[in-house]
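Structure at a glance
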Amino acid sequence: MPSEIARKDDSKAIELLKKRLSGFETEEGRLKGFSYQPRVNDVIITTTPKAGTTWMQQICHQLRSDGDMTFDEISEVVPYIELAFDQGQDLESAQFGHDDELPRLFKTHVWEPHCPKAPKTIVVLRHPNDVLVSFYHFFEDWFFEPGTLSLESFAEEFWLARGIPQCRMENASYFYHLTSWYARRADETVLFVFYEDLKEDLEEQVTRIARFLSTSRHDLSKSVPKCVELSSFEVMKANEVKFNEKLSKLTRNEACGLPKTAGMSKTKIRRGNCGVELSIELRARIDAKWHDIVKPVTGCDDYNQLREQF
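All of the points below concern the structure found in this document.

Each value, and the rule that gives it
Residues numbered from 1 in each chain as written. Predicted model: local features only at pLDDT ≥ 70, side-chain atom pairs only at ≥ 80, totals over all residues. Heavy atoms only, no water. Salt bridge = Lys/Arg side-chain N within 4 Å of Asp/Glu carboxyl O. Helix = DSSP H or I, 4+ residues; strand = E, 2+ residues; numbered from the N terminus. Buried < 20%, exposed > 50% of the residue type's maximum accessible area, 1.4 Å probe, protein only. Arc of directions from axis to C-beta. Contact = heavy atoms within 4.5 Å. Pairing = 2+ DSSP bridges. Axes fitted to C-alpha atoms, helices over the stretch in contact; angles between N-to-C directions.

**Considering the pattern of salt bridges**
Throughout the structure, instances matching the rule amount to 13 salt bridges. With its nearest N and O atoms 3.5 Å apart, the salt bridge here joins arginine 307 to glutamate 200. Linking arginine 307 in helix 14 (residues 303-309) with glutamate 200 in helix 8 (residues 195-200), this pair joins segments that are 107 residues apart in sequence. Assessed through its relative accessible area of 21%, arginine 307 is described here as partly exposed. Across the salt bridge formed by aspartate 301 and lysine 295, the nearest N and O atoms sit 2.6 Å from each other.

**Some points on unusual backbone geometry**
Its identity is not glycine, yet lysine 50 carries a phi of approximately 70°, on the positive side. Residue position: lysine 50 is located in the loop between strand 1 (42-46) and helix 3 (53-65).

**Section: helix 1 (residues 12-21)**
Among all positions in helix 1, only Ile14, Leu17, Lys18, Arg20 and Leu21 are buried. Buried residues of helix 1, viewed axially, fall in a sector of 160°; they line one side. Across from the buried face of helix 1, at angles greater than 90 degrees, the exposed residues are Lys12 and Lys19. Along its buried surface, helix 1 packs onto helix 5 (128-139) and helix 6 (151-159).

**Quick notes on the sheet that holds strand 3 (residues 120-125)**
Within the open sheet, the 4 strands sit side by side as 2-1-3-4. Their pairing is parallel. Two strands bound the open sheet, and with one partner strand each, they are strand 2 (104-108) and strand 4 (190-194). In this sheet, adjacent strand axes meet at a mean angle of 20° when their direction is disregarded. Where strand 1 meets strand 2, 5 bridges bridge the pair, whose relative direction is parallel. Bridge pairing links aspartate 42 to arginine 104 in strand 2. Lying over the sheet, helix 3 contacts strand 1, strand 2, strand 3 and strand 4, oriented at roughly 180° with respect to strand 2. Across the sheet, helix 7 (residues 174-182) touches strand 1, strand 3 and strand 4, and the angle it forms with strand 3 is around 140°.

Written as structure tokens, this is what we have:
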């Protein structure tokens with residue numbers, strides 16, 4: 001993860017979490033990722049963490065490859081821009097099929113001002129309540145031990161405490177990431193996809209994505225049926241070892257002060273109905289952030305209104 005600002009009132013559990021996360025990316029590696037020069041058919045997938053990144057990586061790769069599942073871990077074939085150098089990956093390398101007119105695919109969690117300017121960008125959005133809970137469970141039993149950090153503390157001291165990045169080593173909060181990309185909503189080179197729409201009608205959304213990814217030589221619509229099948233919850237769950245971050249864990253855990261295999265038993269493939277775990281008070285805090293940051297930019301009172309707007 002990028003740098004997290006240490007605060008004097010951080011709890012011991014949050015101090016430890018931030019200390020561990022500080023080793024996940026090197027400054028050299030992150031800045032090398034930002035300096036990569038996108039090519040004419042490159043596509044960047046950008047999300048705030050836990051908003052559907054892995055699902056979109058799978059969808060885009062299946063459309064491009066017409067059903068390839070030979071990869072060991074999804075970030076081998078759809079590299080993570082900020083972490084690629086630290087994992088020994090070259091962002092300039094050829095990707096699937098070694099065909100210059102097939103889209104090369106990349107993922108990132110950065111806001112718009114820090115993102116390399118690709119010819120096409122896919123922005124995936126998800127309800128903030130679900131993002132928060134998913135993020136908490138993602139770190140649990142990897143970067144912190146179960147029972148040592150409550151969801152409320154994680155929310156207040158970590159997730160809600162993020163703001164506007166003060167340098168390229170910091171990530172924007174959920175809310176500023178969203179508003180930074182919202183400014184490009186009318187840009188034909190940017191496709192917005194809602195996580196909830198993927199859940200409600202995967203085929204319809206995959207069809208949209210296929211049209212967006214297609215090039216002058218490659219109509220990817222022919223791959224929609226196969227992609228829908230291989231991007232379903234059932235298939236991804238059955239192949240969850242291909243989506244468990246093992247590439248980053250095996251290469252970066254020890255730099256974070258963790259055992260090399262820490263978090264290897266965790267899965268990222270969950271049904272996604274997370275927000276029900278939030279207390280009334282925490283929901284109110286998230287709503288307040290939305291009204292302070294997102295509403296003035298979008299005019300939307302909440303996330304559901306934003307979906308309707310699109």
